[in-house]
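# Reading the structure
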Amino acid sequence: MNILITGGAGFIGSHLIRHLLEAHPAYTITNLDKLTYAGNLANLRDVESSPNYRFVRGDIADGAFLMELFKEQRFDGVIHLAAESHVDRSIANPTEFVVTNVLGTVNLLVAARAAWEGQYDGKRFYHVSTDEVYGTLGSDGLFTESTAYDPHSPYSASKASSDHFVRAFHDTYGLPVVISNCSNNYGPCQFPEKLIPLFINNIRLMKPLPVYGKGENIRDWLWVLDHAKAIDLIYHRGTSGQTYNIGGHNEWTNIDLIKLLCRIMDRKLGREAGTSQSLISYVTDRAGHDLRYAIDASRLQRELGWTPSVTFEQGLEETVDWYLGNQAWLDEVTSGAYQHYYEKMYTDR
Ligand code: NAD
Ligand code: TYD
């Protein structure tokens, strides 16, 4: 099996690649990544010399480049994660999200279809998506695979659009696709612009913790490795044309999560109880801020036997330990030094 992973230098992609190399040592894995601010090859340092792994720097918005790559490489499958992924950035700059998330996905679908030319046996195009396409829930109910799409942010609108194109390629051309929509992930190597790593970084530096609105929004948190394992399972055993929801059965209001994180950080850093919590600063709410996401993952459990393996308390402890044990990683990605390094390394070639 020769599998193309897009966005493999990012948070979820790097965990997925490490998992696949371990679980399927006979596979060849190609990681295609543009190395935006969110892509960091340091996330894969421990596996980069594996003989069955290779990295290609490239932009999925470049359709001609993709056509060439697919012609050269004869991939059996694609697991597509490359995306602009942060809601706040999408509010500031929506166009970039259309280019990568919508156009980039369509370019990949076109390249896969051309390379496979109707010879779809043993081929698979897996699109990794988000629960945010479903919009927001009130105080009860869960997102199922048949919940109508109702995206509110430019990020979720671009992911919803890409999901529709993936289904359209299945329905129109018979491309063997599968889609999963996952809840919020957490764990090591997440860029510190998302809630958990941002707040861990700010607490360690005694900087304010900007809580949007009243902190009453609810998210369903999933340990990133449980997502990687679900992707592996769905890639191999999911039904073509099907959608699978992935979630942690783990809903937290932002403020309760932040207070738990503050308690863990005080303990780990040997600070007096309450020190981290005193950094909380309530700020203007995010525009169009979805109130609640919560996933019904029963199809995945029933059909493929998947359940989350880690409690939130365990996962959060492990996450905090990782960031505190890798403060140089945090300093590097927040200083931007690593990006200058990559720019230089690749433009000088
Ligand atoms: P991330 O932002 O950490 O990583 C994205 C990766 O894509 C980076 O390595 C980046 O360099 C690369 N990339 C961006 N634009 C590219 C382009 N034009 N061409 C090639 N590569 C490009 O994101 P993540 O959190 O790892 O998310 C991965 C996928 O999972 C995304 O599709 C996201 O929508 C989805 N998802 C994320 C979450 C979450 O909680 N993080 C939850 C559900 C679904
Ligand atoms: P985030 O990690 O950006 O994920 P998403 O918006 O995709 O769910 O945010 C998680 C929640 O935390 C969301 O309700 C917004 C909130 N939030 C804050 O309150 N302050 C912050 O600085 C950030 C980044 C997020």
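Structure: see above.
These numbers were taken from a predicted model, which means no experiment stands behind them.

## Overview of the side chain of K159
- Examined against the element boundaries, K159 turns out to sit in helix α5 (residues 154-173).
- No salt bridge is formed by the buried K159, whose closest oppositely charged neighbour, D163, lies at an N-O distance of 5.8 Å.
- Setting aside residues no more than four positions away along its own chain, K159 makes contact with A83, N101, H127, V128, S129, T130 and V133.

## Side note on unusual backbone geometry
- Phi at R74 is positive, roughly 50°, even though this residue is not glycine.
- On the secondary structure map, R74 appears in the loop between α2 (63-73) and β4 (77-80).
- The exposure class assigned to R74 is exposed, which follows from its relative accessible area of 68%.

## Considering the site of ligand 2
- Around ligand 2, a shell composed of 18 residues is seen, among which E132, P210, R219, R286 and H289 lie nearest.
- Between ligand 2 and the protein, one listed contact pairs an oxygen atom with a backbone N or O atom of L195 at 2.8 Å.
- In the model, a nitrogen atom of ligand 2 is placed 2.7 Å from a nitrogen or oxygen of the P210 main chain.
- Compared with its free state, where it exposes 510 Å², ligand 2 has 97% of that area covered by protein.
- Contributions of two or more residues to the shell around ligand 2 are made by α6 (195-204) and β8 (209-212).
- In terms of residue class, the shell around ligand 2 is built from 8 nonpolar, 5 polar and 5 charged.

Quick notes on the rules
- Residues numbered from 1 in each chain as written.
- Chains lettered and ligands numbered in written order.
- Predicted model: local features only at pLDDT ≥ 70, side-chain atom pairs only at ≥ 80, totals over all residues.
- Heavy atoms only, no water.
- Helix = DSSP H or I, 4+ residues; strand = E, 2+ residues; numbered from the N terminus.
- Buried < 20%, exposed > 50% of the residue type's maximum accessible area, 1.4 Å probe, protein only.
- Lys, Arg positive; Asp, Glu negative; His and termini not counted.
- Salt bridge = Lys/Arg side-chain N within 4 Å of Asp/Glu carboxyl O.
- Contact = heavy atoms within 4.5 Å.
- Near = heavy atom within 4 Å.
- Polar contact = N/O pair within 3.5 Å; in protein donor to acceptor, adjacent residues only side chain to side chain.
- Areas by Shrake-Rupley, 256 points an atom, 1.4 Å probe, with all protein chains shown as cover.
- Nonpolar A, V, L, I, M, F, W, Y, C, P; charged D, E, K, R; others polar.

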